[in-house]
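The primary structure of each chain is shown beneath.
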Amino acid sequence: GDKAEISITLNNIGLVYFKLRNYEGALEYFNRCVTMKQEVGDTTNLDRTYLNLGLCYLHLKEFKEAKNYTLKALSFCGSKCDDEIIMMGEYGLGESAYWLGELDEAETHLKKSLALARQAGDKRWQAENLVYLSEVSIKRKEYDSAIASLGEADTIAKLTGHNQLLIDIYRQLSEVYNQTEDFKHAAIYQRKLIQLSDSLIGQDLVKNIGKIQANYE
């Protein structure tokens, strides 16, 4: 088949692995996609594939690689980058910087990404940025600021049904209230965290049992 078309298929398989949280699998297909595009000189959506590679490395906690691929994506499209690419790229640079201990840099990137997410009405990326901005505030012991960011993220994540984000939010709120010795609120969020984690594990078990039954029958 046509290599440009095959590269699109490879990228799509990478996205499926990514959604299944199999980041090693996603990485393999995104890399194969890049290699094939380079073989035929096809640059279509290469910035997005670089960005996806950066996000994979973020999840795999390889933060220098994450930063490198995100910068590669942004330099590839340059002044022609669309707002979504910049929003996701700034988030990627912000999260990488946070884990690399560069708090000022992290805050700058995350605030840029948050502004673009608000402009676009993209709730998911608003919440993602708020969660990491709260992490920066916690590191600086700016607890009021952390609670404000997490409160806004909580409202958004409940509206959009992003349960994995809610787990992160409850974990952080419990941590903040523990650090400020407000043990009553710490216990409330710890309880919410346990209940939500249990319900998600339950849902996964039901899905897996369903799959096993379907295969057996």
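This text gives an overview of the structure that appears in the document. Since the structure is predicted, the reported quantities are computational estimates derived from the model, not experimental observations.

Going through the model one piece at a time under the given rule, you end up with 13 aromatic pairs. Between Y57 and Y69 the ring centres are 5.6 Å apart and the planes differ by 15°, which places this aromatic pair in the stacked class. Linking Y57 in helix 3 (residues 46–59) with Y69 in helix 4 (residues 63–77), this pair joins segments that are 12 residues apart in sequence. Note on accessibility: Y57 and Y69 belong to one class, buried. Consider the rings of Y91 and W125, whose centres lie 5.0 Å apart with planes at 65°: the pair is edge-to-face. Here the residue Y91 occupies a position in helix 5 (residues 83–99), and W125 occupies one in helix 7 (residues 123–139), the gap between them amounting to 34 residues. Judged by relative accessible area, Y91 falls into the buried class, the value being 4%. Within the aromatic cluster, the residues linked to one another by ring pairs are F63, Y91, Y98, W99, W125 and Y132.

This paragraph deals with the packing of helix 3 against helix 5. Helix-helix packing is described using two parameters, namely the angle between the two axes and the distance between the axes. Viewed as axis vectors pointing N to C, helix 3 and helix 5 meet at an angle of 25°, and their least axial separation amounts to 10 Å. One finds that helix 3 runs roughly parallel with respect to helix 5. With respect to the hand of their crossing, helix 3 and helix 5 are arranged in left-handed fashion. In contact with D47, R48, L51, L55 and L58 of helix 3, helix 5 contributes E84, I85, M88, G89, Y91, G92, E95 and S96. Of the residues in the contact of helix 3 with helix 5, the class split is six nonpolar, three polar and four charged.

Our focus in this paragraph is the state of the cysteines. The tally for this structure, following the rule as stated, stands at one disulfide. Each disulfide pairs two cysteine sulfurs, and for C77 the partner residue is C81, the sulfurs being separated by 1.9 Å. Across the disulfide from C77 to C81, rotation about the S-S bond amounts to roughly 85°, and the bridge is consequently right-handed. The cysteine C33 is free of any disulfide, with C56 supplying the nearest cysteine sulfur at 12 Å.

Moving on, we get to the side chain of H109. Note on placement: H109 falls in helix 6 (residues 103–120). Side chain to side chain, H109 and E90 meet in a polar contact 2.5 Å long.

Locating R21 in the fold gives a position in the loop between helix 1 (3–19) and helix 2 (23–40). A relative accessible area of 54% places R21 in the exposed class. Sequence separation between R21 and C56 is 35 residues, and the spatial gap between their C-alpha atoms is 9.1 Å.

Inspection of every chain in the model, using the stated rule, returns 14 salt bridges. Between K67 and E105 there is a salt bridge, with the nearest N and O atoms lying 3.8 Å from each other. Of this pair, K67 sits in helix 4 while E105 sits in helix 6, placing them 38 residues apart in sequence. Of the residues examined, K67 reaches a relative accessible area of 21% and is grouped as partly exposed.

This part covers unusual backbone geometry. For R21, which is not glycine, the phi torsion reads 65° and is therefore positive. Despite not being glycine, K141 shows a phi value in the positive range, around 60°. Mapped onto the elements of the fold, K141 is located in the loop between helix 7 and helix 8 (143–160). Assessed through its relative accessible area of 58%, K141 is described here as exposed.

Secondary-structure assignment places A186 in helix 10 (residues 183–216). Residues A186 and D104 lie 82 residues apart in sequence; the distance between their C-alpha atoms is 28 Å. If we ignore the near neighbours within four places in the chain, the residues touching A186 are S174, Y177 and N178.

So, how was this worked out
- Residues numbered from 1 in each chain as written.
- Predicted model: local features only at pLDDT ≥ 70, side-chain atom pairs only at ≥ 80, totals over all residues.
- Heavy atoms only, no water.
- Phe/Tyr/Trp six-rings, centres within 6.5 Å; stacked < 30°, edge-to-face > 60°.
- Helix = DSSP H or I, 4+ residues; strand = E, 2+ residues; numbered from the N terminus.
- Buried < 20%, exposed > 50% of the residue type's maximum accessible area, 1.4 Å probe, protein only.
- Axes fitted to C-alpha atoms, helices over the stretch in contact; angles between N-to-C directions.
- Parallel < 35°, antiparallel > 145°, perpendicular 65-115°, else oblique.
- Left-handed = near helix turned anticlockwise from the far one by under 90°.
- Contact = heavy atoms within 4.5 Å.
- Nonpolar A, V, L, I, M, F, W, Y, C, P; charged D, E, K, R; others polar.
- Disulfide = S-S within 2.5 Å.
- Polar contact = N/O pair within 3.5 Å; in protein donor to acceptor, adjacent residues only side chain to side chain.
- Salt bridge = Lys/Arg side-chain N within 4 Å of Asp/Glu carboxyl O.

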